[in-house]
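# Observations on chain architecture
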Amino acid sequence: EQSEKWVLMVTAQTPTNIAVIKYWGKRDENLILAINDSISVTLDPAHLCTTTTIAVSPSFNQDRMWLNGKEISLAGGRYQSCLREIRARASDVEDEKKGIKITKNDWQNLHVHVASYNNFPTAAGLASSAAGFACLVFSLAKLMNVQEDNGRLSAIARQGSGSACRSLYGGFVKWVMGKEENGSDSIAVPLVDEKHWDELVIIIAVVSSRQKETSSTSGMRETVETSALIEHRAKEVVPKRIIQMEEAIQNRDFPTFAQLTCADSNQFHAVCMDTSPPIFYMNDTSHRQVAYTFDAGPNAVMISRNRKAATLMLQRLLFHFPPNSDTDLNSYVIGDKS
Ligand code: 2P0
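Quick caveat, the model's predicted, so the values are computed rather than measured.

In this section: helix α5 (residues 230-250). Across its 21 residues, α5 extends 28 Å between first and last C-alpha, which sits within 8% of the 30 Å expected from 1.5 Å per residue. Considering bend angle alone, the principal kink of α5 is centred on V237 and spans about 40°; proline P239 follows within four residues of it. For α5, every residue scored as buried is listed here: I230, R233, A234, V238, R241, I242, M245, A248 and I249. Taken together, the buried residues of α5 touch β2 (17-21), β5 (38-42), β12 (172-175), β13 (188-192), α4 (216-226) and α6 (254-273). Following α5 by one or two positions, R252 has its phi on the positive side, about 50°.

Peptide bonds are mostly trans, and most non-glycine residues show a negative phi. Following S276, the chain continues to P277 via a peptide bond in cis, the omega torsion being -5°. At R252, a position not held by glycine, the phi torsion is positive, near 50°. With respect to the element layout, R252 can be found in the loop between α5 and α6. Since 15 C-beta atoms lie within 10 Å of it, R252 is described here as partly exposed.

Taken together, 15 residues form the shell around the ligand, and within it A19, S161, G162, S163 and S216 come nearest. Among the residues forming the shell around the ligand, the class breakdown is six nonpolar, seven polar and two charged.

Turning our eyes to something else, we now look at the nonpolar core. Core analysis: the largest hydrophobic core is formed by 83 residues, its most contacted members being I86, A134, V137, L140, A157 and I202. At 11 residues, the largest contribution of residues to this core is made by helix α2 (residues 128-143). Dropping the residues within four chain positions of it, A134 is found in contact with T14, A157, A164, S167 and L168.

Before going further, it helps to examine the sheet that holds β13. Strand order in the open sheet made by the four strands is β2-β5-β12-β13, with antiparallel pairing throughout. Every interior strand has two partners, whereas the edge strands, β2 and β13, have only one. Across the sheet, the axes of successive neighbouring strands diverge by a mean angle of 35°, strand direction being ignored. Inspection of the sheet shows β5 paired to β12 by four bridges, in the antiparallel sense. Bridge pairing links S40 to V173 in β12.

Criteria and thresholds
Residues numbered from 1 in each chain as written. Predicted model: local features only at pLDDT ≥ 70, side-chain atom pairs only at ≥ 80, totals over all residues. Helix = DSSP H or I, 4+ residues; strand = E, 2+ residues; numbered from the N terminus. Expected span 1.5 Å × (residues − 1). Bend = angle between axes of the 7 residues up to and from the residue. Buried ≥ 20, exposed ≤ 12 C-beta atoms within 10 Å, placed from the backbone. Contact = placed C-beta atoms within 7 Å. Near = placed C-beta within 6 Å. Nonpolar A, V, L, I, M, F, W, Y, C, P; charged D, E, K, R; others polar. Core = buried A, V, L, I, M, F, W, Y, C linked by C-beta atoms within 7 Å. Pairing = 2+ DSSP bridges. Axes fitted to C-alpha atoms, helices over the stretch in contact; angles between N-to-C directions.

Next up, the structure:
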């Protein structure tokens, strides 16, 4: 007879990722299926990551979640999809020391409590949903002893937030948009691991940590509905860039990598501008030097070819924008690629 007082817990940490060929636009909002492939680099978990602890106990009578210490609702379809898909794949768990035995069927009736923390601003266009959903899915899978590889798990994380599928691997990662209607082939694929190009240094200049005004979800929906450029981007431009970018990454060809990264960031912001009403993610503090890329927020991500270039750039950044000066460019997140 097992005690009803037991609690079983797991903790996991997942870094965020920054896209160098951007995902923008869905062909299926429910399953979160993209209109183009995308490529990202996963950051070092020490700098920008989510840490999630999940507890399960027979004394919990509903699934609950706290984000940065504040309770949030799990009623949304995205959380429900992740919980449902992981529960459907749960297997037996046994902890002899604690005298706990959970069968595959037990999981269907047990509830979880989730506590998640971001060590960076949530929802300011620094891909907090990417690290968040990747970490939720990964830790749920660990807790429920799900026997699936990261590729299969990425298809579940994708249903939480598109960009989340890319955070299940380190290094450079491609999200293949896939062809299937059920999304089974819309998964993340690792291109090269974090050791392949370990000279790269990524600097994130936090121009503003305010919550952005347009959520990515509604922004990309409006782009798909109203932009005349988006179809050209998704069908003609991105497929070619994906091939060139993969080659540049394989060859550690920084000039080509930088040219493609900057061009894709520019085109992403161009289709935002081509959206009705137009979406502006950047503000006046947001420009230039080395390879730059801007996500759905005003903060600059800069990729330098090595530590020497990164040091020079940081010197210039700090000279022009000293911390705590009255410009609002006031913090730097420095990440080694991992
Ligand atoms: C990216 N972004 O590829 C692009 C570049 C922002 C600009 O993925 O609706 O939070 O949850 O799938 O993943 C942000 O979009 O959107 C994003 P949903 P998500 O990183």
